[in-house]
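Here are the chains, one letter per residue:
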Amino acid sequence: MHECFRPGDLIKAQVISLGTARSYFLSTAKNELGVFHATSIAGFPLVPVSWQEMQCSGTGAKEPRKVAKVVE
C-alpha cells in the first residue's frame, strides 16, 4: 500500500460498497483510477512518468505511486 499512495495524495477511486455508517470500500483497480495529484517528500509537485512512478519537479527524484491514467 505504501508504494501506491501516501498521505496527502489526491486520488480518483471508485466506491465498491458502503460499509457501516462511517466507512466506505474504495477501489483503484482500473487504469483511470489512482493518484492524480501528489507532493514529493521535498515539497515539490510530482509529475507522472509512468503508470507506477512519479518524478519530483524540483529535485528529479522518483517516487512510486499508482498513477491514474488521464481520460479526456
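Only a predicted model underlies this, so the values are computations on that prediction, with no experimental measurement involved.

### With respect to the sheet that holds strand E7 (residues 62–64)
And then number 1: Reading across from one edge, E5-E6-E7 is the order of the 3 strands in this open sheet, with antiparallel pairing throughout. A single partner strand is all that each edge strand has here, and the edge strands are strand E5 (46–50) and E7. Between one strand axis and the next, the sheet turns by 35° as a mean value, whatever way the strands run.
And then number 2: By the bridge criterion, 3 bridges tie strand E6 (residues 53–56) to E7 in an arrangement that is antiparallel. Counterpart to methionine 54 in the pairing with E7 is glutamate 63.

### Topic: the environment of lysine 12
And then number 1: Position of lysine 12 among the secondary structure elements: in strand E1 (residues 10–12).
And then number 2: Along the primary structure lysine 12 and serine 27 are separated by 15 residues, whereas in three dimensions their C-alpha atoms are 9.0 Å apart.

### Notes on the pattern of salt bridges
And then number 1: Using the criterion set out here, one finds 2 salt bridges in the structure.
And then number 2: Its salt-bridge partner being aspartate 9, residue arginine 65 comes within 2.7 Å of it at the nearest N-O pair. Of this pair, arginine 65 sits in the segment after E7 while aspartate 9 sits in the segment before E1; the two residues are 56 residues apart in sequence, bridging distant segments of the chain. This pair shows no difference in class: arginine 65 is buried, exactly as aspartate 9 is.
And then number 3: With a shortest N-O distance of 3.1 Å, glutamate 63 and arginine 65 are connected by a salt bridge.
And then number 4: By relative accessible area, arginine 65 is classed as buried at 2%.
And then number 5: Beyond isolated ion pairs, a larger network of salt bridges with shared partners links Asp9, Glu63 and Arg65.

Rules used in this analysis
Residues numbered from 1 in each chain as written. Predicted model: local features only at pLDDT ≥ 70, side-chain atom pairs only at ≥ 80, totals over all residues. Heavy atoms only, no water. Pairing = 2+ DSSP bridges. Helix = DSSP H or I, 4+ residues; strand = E, 2+ residues; numbered from the N terminus. Axes fitted to C-alpha atoms, helices over the stretch in contact; angles between N-to-C directions. Salt bridge = Lys/Arg side-chain N within 4 Å of Asp/Glu carboxyl O. Buried < 20%, exposed > 50% of the residue type's maximum accessible area, 1.4 Å probe, protein only.

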